[in-house]
Amino acid sequence: SPAGMVLSVLVILLLSVLYEAVKMGKAVLLRRALLALPRSLSQEALTEPHEGDSGPAQGSPSLTAFPISFPRWFWFHVGQTLFHVVQVVLGYMVMLAVMSYNAWIFLGAIVGSTLGYFM
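Scoring rules and cut-offs
- Residues numbered from 1 in each chain as written.
- Predicted model: local features only at pLDDT ≥ 70, side-chain atom pairs only at ≥ 80, totals over all residues.
- Heavy atoms only, no water.
- Core = buried A, V, L, I, M, F, W, Y, C linked by side-chain atoms within 4.5 Å.
- Buried < 20%, exposed > 50% of the residue type's maximum accessible area, 1.4 Å probe, protein only.
- Helix = DSSP H or I, 4+ residues; strand = E, 2+ residues; numbered from the N terminus.
- Expected span 1.5 Å × (residues − 1).
- Arc of directions from axis to C-beta.
- Polar contact = N/O pair within 3.5 Å; in protein donor to acceptor, adjacent residues only side chain to side chain.
- UniProt positions renumbered as here; feature names shortened; annotations may be inferred.
- Axes fitted to C-alpha atoms, helices over the stretch in contact; angles between N-to-C directions.
- Left-handed = near helix turned anticlockwise from the far one by under 90°.
- Contact = heavy atoms within 4.5 Å.
- Nonpolar A, V, L, I, M, F, W, Y, C, P; charged D, E, K, R; others polar.

## Remarks on the nonpolar core
- Within the largest apolar cluster, nine residues are counted, these being Val-9, Ile-12, Leu-15, Val-22, Leu-90, Val-94, Ala-97, Ile-105 and Ala-109.
- Within the residue set of this core, elements represented by two or more residues are α1 (2-36), α3 (70-98) and α4 (103-118).
- With four residues, the top contributor of residues to this core is α1.

See the structure below:
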């Protein structure tokens, strides 16, 4: 039916827009994750005591020298992984719809990707 076809094209268009939005969200999250990484993970930076510290006990690395932001970048990585899973699922759904070889569905995917990238 014509109404069903229009609805299908709109759904594919929205899925394509959502795919582009997730792709951009993943890029923003990557930038934040890179900013959350500690500047140096060298052994000297981890084991070197700070001024005013009493020194490490029995030769073990000082816990105060360990970067505080370590758990933060891990959670950014978990978020990126979830974004990636959503992006892959949306991409495969749009691909399967396009493989129906319907010109209107194909145009809906193209217009949706264009709108999503533009926004």
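## Quick look at α4
- Between its first and last C-alpha, α4 extends 22 Å over 16 residues, near the 22 Å set by a 1.5 Å rise per residue.
- All of the buried residues in α4 are Ile-105, Gly-108, Ala-109, Gly-112 and Gly-116. For α4, the angular spread of the buried residues around the axis is 100°, confining them to a single face. Facing away from the buried surface of α4 by more than 90 degrees, the exposed residues are Ala-103, Trp-104, Tyr-117 and Phe-118.
- Capping the start of α4, Asn-102 holds a side-chain oxygen 2.9 Å from the backbone nitrogen of Trp-104, two or three residues further along.

## Quick look at α1
- With 35 residues, α1 ought to run about 51 Å at 1.5 Å a step, and its terminal C-alpha atoms sit 51 Å apart, in line with that.
- Residues of α1 that are buried: Val-9, Ile-12, Leu-13, Leu-15, Ser-16, Val-17, Glu-20, Val-22, Leu-29, Ala-33 and Ala-36.

## Quick look at the UniProt feature "transmembrane region" (unreviewed entry) in the protein
- The feature "transmembrane region" (unreviewed entry), as given by UniProt, occupies residues 6-22 in the numbering adopted here.
- A helix fraction of 100% and a strand fraction of 0% characterise residues 6-22, whose end C-alpha atoms lie 24 Å from each other.

## Brief notes about the packing of α1 against α4
- Orientation of α1 relative to α4, taken along the N-to-C sense of each, is 35°, at an axis distance of 7 Å. The crossing of α1 and α4 is right-handed. Contacts from Met-5, Ser-8, Val-9, Ile-12, Leu-13, Ser-16, Val-17 and Glu-20 in α1 reach Trp-104, Ile-105, Gly-108, Ala-109, Val-111, Gly-112, Ser-113, Leu-115, Gly-116 and Tyr-117 in α4.
- Partitioned by chemical class, the residues of the contact of α1 with α4 number 11 nonpolar, six polar and one charged.

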